[in-house]
Amino acid sequence: MGIKSAFYKICILGDFGVGKSTLLHHYLEGRFISNIQSTIGSNFFVKHLKIPKVKNLVTLQIWDLAGQDHYKWVRQAFYKGAKGIVVVFDLSRKETFKHLDSWIKEVENVIGVVPRILVGNKLDLINPGERVIPKQECLTFKQKIKASSYEETSAKLGTGVEQIFYILALEMNKNY
Ligand SMILES: Nc1nc2c(ncn2[C@@H]2O[C@H](COP(=O)(O)OP(=O)(O)OP(=O)(O)O)[C@@H](O)[C@H]2O)c(=O)[nH]1
Ligand SMILES: [Mg+2]
């Protein structure tokens, strides 16, 4: 049972500076780099991973999109063909969470509804007792956008990073 191999394009999106490129770098290289440049336009990377029921490795083509407002029109072109999205905000900056509605709208206007994971990054910067975005709000938003999962990560420490892509790969594969 199961298919032999699979290829999925995915996009990682969210406000400028939430840590999208740093998360990806940790996922691909297994370490933190502190001097990453703000993304210009887009970059893409390829990762192979093993998931149950798929005989061969799954290939993820991951598009890292620039979060700055003035790249909005550039991003539209890169959403096409994506089978999953990773939606990232910064746990230490509330405005990045508030902007998620407009991110979801932006991407759905181009590709409709595809499997998604909601990610709160920079877990290492927050004190559990003084969260600026209560966990319940994050979970409510996850339900609202029908995300498969809500993950809290630290691209600095590597916490939760692999989970994001593994869960998304499982979810995309369900649709086949
Ligand atoms: N402490 C901490 N810093 C982080 C974390 N993730 C990213 N950063 C820092 O946040 C800043 C922005 O990270 P980027 O990865 O460039 O953010 P981005 O979302 O790719 O930004 P754009 O490419 O401009 O859209 C950098 O200085 C990172 O080192 C994290 O989990 N913890
Ligand atoms: Mg970037």
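None of the values given here were measured: they were computed from a predicted structure.

What counts and how
- Residues numbered from 1 in each chain as written.
- Chains lettered and ligands numbered in written order.
- Predicted model: local features only at pLDDT ≥ 70, side-chain atom pairs only at ≥ 80, totals over all residues.
- Helix = DSSP H or I, 4+ residues; strand = E, 2+ residues; numbered from the N terminus.
- Rg over C-alpha atoms; globule rule 2.2 N^0.38 Å.
- Buried ≥ 20, exposed ≤ 12 C-beta atoms within 10 Å, placed from the backbone.
- Contact = placed C-beta atoms within 7 Å.
- Near = placed C-beta within 6 Å.
- Nonpolar A, V, L, I, M, F, W, Y, C, P; charged D, E, K, R; others polar.
- Pairing = 2+ DSSP bridges.
- Axes fitted to C-alpha atoms, helices over the stretch in contact; angles between N-to-C directions.
- Parallel < 35°, antiparallel > 145°, perpendicular 65-115°, else oblique.
- Right-handed = clockwise from strand over helix to strand, strands pointing away.
- Arc of directions from axis to C-beta.
- Core = buried A, V, L, I, M, F, W, Y, C linked by C-beta atoms within 7 Å.

J.: I'm lost on the overall build of the protein chain in this one. Help?
T.: Counting secondary structure elements, the protein chain contains six helices and six strands. Taken against the 2.2 N^0.38 rule, which gives 16 Å for 176 residues, the C-alpha radius of gyration of the protein chain at 15 Å falls within 12% of a compact globule. With respect to the principal axes defined by its C-alpha atoms, the protein chain has extents near 50 × 35 × 35 Å. Within the protein chain, buried positions represent 37% of all 176 residues. Counted over contacts in the protein chain with a minimum sequence separation of 6, partners at least 24 positions apart contribute 75%.

J.: Explanation requested: the site of ligand 1 in the structure shown.
T.: Around ligand 1 sit 21 residues in total, of which Gly19, Ser21, Thr22, Thr39 and Gly67 are the nearest. Classifying every residue of the shell around ligand 1 by side-chain character gives six nonpolar, 11 polar and four charged.

J.: What is the right way to look at the environment of Val110 in this model?
T.: The residue Val110 is located in helix 4 (residues 100–111) in this model. Counting along the chain gives 74 residues from Val110 to Ile36, while the straight-line C-alpha distance between them is 29 Å. Once residues lying within four places of it in the same chain are set aside, the contact partners of Val110 are Gln76, Tyr79 and Lys80.

J.: Just checking my understanding: could you explain the pairing of strand 5 (residues 116–121) for this structure?
T.: Each regular strand displays side chains that alternate between the two surfaces of the sheet. In terms of burial, strand 5 is largely enclosed, as six of its six residues are buried. Because side chains alternate across strand 5, one face comprises the buried residues Arg116, Leu118 and Gly120, and the other comprises Ile117, Val119 and Asn121, equally buried. Here strand 4 (residues 84–90) pairs with strand 5 via six bridges, running parallel. If you follow Val86 over to strand 5, its bridge partner there is Ile117.

J.: Sorry, what's going on with the packing of helix 1 (residues 20–29) against helix 6 (residues 161–174) here?
T.: When two helices pack together, their arrangement is captured by the angle between the axes and the distance separating the axes. For the pair helix 1 and helix 6, interaxial distance at closest approach is 9 Å and the crossing angle is 85°. The pairing of helix 1 with helix 6 is recorded here as roughly perpendicular in orientation. Seen from helix 1, the contacting residues are Leu23, His26 and Tyr27; seen from helix 6, they are Val161, Glu162 and Phe165. For the contact of helix 1 with helix 6, a count of residues per class yields four nonpolar, one polar and one charged.

J.: I keep staring at unusual backbone geometry and nothing clicks. Help me out?
T.: Most peptide bonds take the trans form, and the phi angle of most residues other than glycine is negative. Even without glycine at this site, Lys53 takes up a positive phi of about 75°. Structurally, Lys53 can be placed in the loop between strand 2 (42–49) and strand 3 (58–65).

J.: I'm lost on the pairing of strand 6 (residues 149–152) in this one. Help?
T.: For strand 5 and strand 6, the ladder comprises four bridges, and the chain directions are parallel. Counted as the bridge partner of Val119 is Glu151 from strand 6. Crossover handedness for the path strand 5 to helix 5 (residues 135–144) to strand 6: right-handed.

J.: For this particular structure, what's the right way to read helix 6?
T.: The periodicity of an α-helix, 3.6 residues per turn, causes residues three or four positions apart to be oriented the same way. Of the positions making up helix 6, those classed as buried are Val161, Ile164, Phe165, Leu168, Ala169, Met172 and Asn173. Seen end-on, helix 6 carries its buried residues on one side only, within an arc spanning 150°.

J.: Just checking my understanding: could you explain the sheet that holds strand 1 (residues 6–13) for this structure?
T.: Each strand in a sheet pairs with another by means of backbone hydrogen bonds, the pair being arranged parallel or else antiparallel. If you walk across this open sheet you meet the six strands as 2-3-1-4-5-6, and the pairing is mixed. Edge strands, defined here as strands with exactly one partner in the open sheet, are strand 2 and strand 6. Averaged over all adjacent pairs, the angle separating strand axes in this sheet is 20°, with direction ignored. Along the sheet, helix 6 makes contact with strand 1, strand 2, strand 3, strand 4, strand 5 and strand 6, crossing strand 4 at roughly 150°.

J.: Could you clarify how one ought to interpret the nonpolar core in this entry?
T.: Burial of nonpolar side chains together is a common tendency in soluble globular proteins. Core analysis: the biggest nonpolar cluster contains 40 residues, and Ile10, Cys11, Ile85, Val86 and Val87 have the highest contact counts within it. If you tally residues by element for this core, the top one is helix 6, at six residues.

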